[in-house]
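Remarks on the overall topology
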Amino acid sequence: MERLQKVIAQAGVTSRRKAEKLIEEGQVKVNGQVVRELGTKVSPSDEIEVNGVPIDKEEPVYFLMYKPSGVISSVKDEKGRKVVTDYFPEVEQRIFPIGRLDYDTSGLLLLTNDGDFANILMHPKYHVDKRYIAKVKGIPSKLELRTLAKGIQLEDGKTAPAKVKMKSLDKKKQTAIIELTIHEGRNRQVRRMFEALGYPVQKLKREGYAFLDLHGLNSGESRPLTPHEIKQLRNLAVT
Ligand code: URA
């Protein structure tokens, strides 16, 4: 038996919080009866309707993908460009990306049909480390990198402390490869952080997400998360 709001969120209808609101508003029926009790438990044989529409109870699935650059982190694109779910033609569940990587950023992206799980990982309260490798134009000084690490003023506020490591530099080409680990997830954050210092990002890849990395995957490939990894990711929310 599972809590009603969890089952609705897992079916990909909406988030658990919004499901709770729908239940309280009387928009959810179980076996034809309106249910307003938030704690209600349901079993797989129960028929659940949201706004008169039966939900499809989907098996929750979880994937780790190596997103190529030139792909949209979405389930559809109005302009017909390639989207990340195009890489999962055999998956019947309605999966979506957890957060996003820019069109021109490659690297580690998680996908699921479990709305609750996605909300946990995207909640700013839980600090999930995301590790990026950026190739920038120009060679930042140690002092400038320290500024990045301490937090830099962007138009939407100062960034939280980050970890920064110079990996290599090319004096002739005047480029540097820098590892940056942040736990915030603001729009184009890494690019904007380097831009604020005067070093435009030429290439960006996410190599790590919490304890996960891209080990064993080529660009465009994916694998299911193991039950243990799923549990560990859920645990991030309680620590
Ligand atoms: N920061 C960026 O600038 N782009 C991404 O895709 C992810 C983080």
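All figures in this text were calculated on a predicted structure; none of them were measured in a lab. (Residues numbered from 1 in each chain as written. Predicted model: local features only at pLDDT ≥ 70, side-chain atom pairs only at ≥ 80, totals over all residues. Heavy atoms only, no water.)

**What to know about the overall build of the chain**
Helix and strand counts for the chain come out as six helices and 17 strands. Over its C-alpha atoms, taken along the principal directions, the chain stretches across nearly 70 × 35 × 35 Å. Here the chain holds 239 residues, and 45% of them are scored as buried. Computed over 42 positive and 32 negative side-chain charges, the inter-centroid distance for the chain is 9 Å. (Helix = DSSP H or I, 4+ residues; strand = E, 2+ residues; numbered from the N terminus. Buried < 20%, exposed > 50% of the residue type's maximum accessible area, 1.4 Å probe, protein only. Lys, Arg positive; Asp, Glu negative; His and termini not counted. Charge placed at Lys NZ, Arg CZ, Asp CG, Glu CD.)

**Some remarks on the packing of aromatic side chains**
Counting across every chain of the model gives two aromatic pairs. Where Tyr-62 meets Phe-117, the ring centres are 4.8 Å apart and the plane angle is 70°; that geometry is what we call edge-to-face. Taken together, the residues Tyr-62 in strand E7 (residues 62-67) and Phe-117 in helix H3 (residues 115-122) connect sequence positions 55 residues apart. Each member of the pair, Tyr-62 as well as Phe-117, is classed as buried. The ring of Tyr-103 has Arg-81 sitting right over it, with the charged end atom 5.4 Å from the ring centre. (Phe/Tyr/Trp six-rings, centres within 6.5 Å; stacked < 30°, edge-to-face > 60°. Lys NZ or Arg CZ within 6 Å of the ring centre and 35° of its normal.)

**Overview of unusual backbone geometry**
Residue Asn-31 is not a glycine yet carries a positive backbone phi of 50°. Of note, Asn-31 is situated in the loop between strand E2 (28-30) and strand E3 (33-34). One non-glycine residue, Gln-174, lies in the positive phi region at around 55°. For Gln-174, the location among the structural elements is in the loop between strand E13 (163-170) and strand E14 (175-182). Here Gln-174 falls in the partly exposed class, since its relative accessible area comes to 38%.

**Topic: the sheet that holds E2**
Strand order in the open sheet made by the four strands is E3-E2-E5-E6, with antiparallel pairing throughout. The strands lining the two open edges of the sheet, one partner per strand, are E3 and strand E6 (53-54). (Pairing = 2+ DSSP bridges.)

**Concerning the domain arrangement of the chain**
Under the domain assignment, the chain is made up of domain 1 (2-54), domain 2 (62-125 + 214-236) and domain 3 (130-209). Taking only C-alpha atoms into account, the centre of domain 1 sits 44 Å from that of domain 3. (Domains from an automatic or database assignment.)

**Details of the pattern of salt bridges**
Overall, the coordinates contain 20 salt bridges when judged by the stated rule. Residue Lys-165 pairs with Glu-179 through a salt bridge whose shortest N-O separation is 3.7 Å. Of this pair, Lys-165 sits in strand E13 while Glu-179 sits in strand E14, and the two are 14 residues apart along the sequence. What makes Glu-179 buried here is its relative accessible area of 11%. Overlapping salt bridges, with partners in common, bring together Arg-131, Lys-165, Lys-167, Glu-179, Lys-205 and Glu-207 in one network. (Salt bridge = Lys/Arg side-chain N within 4 Å of Asp/Glu carboxyl O.)

**Remarks on helix H6 (residues 227-235)**
Listing the buried residues of H6 in full gives Glu-229, Ile-230 and Leu-233. When H6 is viewed along its axis, its buried side chains cluster within an angular range of 100° and face the same direction. The outward face of H6, more than 90 degrees from its buried face, is lined by the exposed residues Pro-227, His-228 and Lys-231. On its buried face, H6 sits against E7, strand E9 (105-112), H3, strand E16 (212-213) and strand E17 (222-224). (Arc of directions from axis to C-beta. Contact = heavy atoms within 4.5 Å.)

**Comments concerning the layout of surface pockets**
As a volume, the largest pocket reaches approximately 510 Å³. In this structure, the largest pocket is lined by 27 residues; those nearest its centre are Arg-100, Lys-130, Glu-184, Gly-185 and Arg-186. Contributing elements (two or more residues each) for the lining of the largest pocket: H3, strand E10 (130-137), helix H5 (189-197) and strand E15 (201-209). Looking at the lining of the largest pocket residue by residue, the classes come out as 11 nonpolar, eight polar and eight charged. Viewed by domain, the lining of the largest pocket spans two of them, domain 2 (62-125 + 214-236) and domain 3 (130-209), each represented by three or more residues. (1 Å grid on protein atoms, 1.4 Å probe; cavity = no way out; pocket = protein on both sides within 12 Å on 5 of 7 lines; lining within 4 Å. Points joined across faces, edges and corners; volume = space filled by probe spheres on them. Nonpolar A, V, L, I, M, F, W, Y, C, P; charged D, E, K, R; others polar.)

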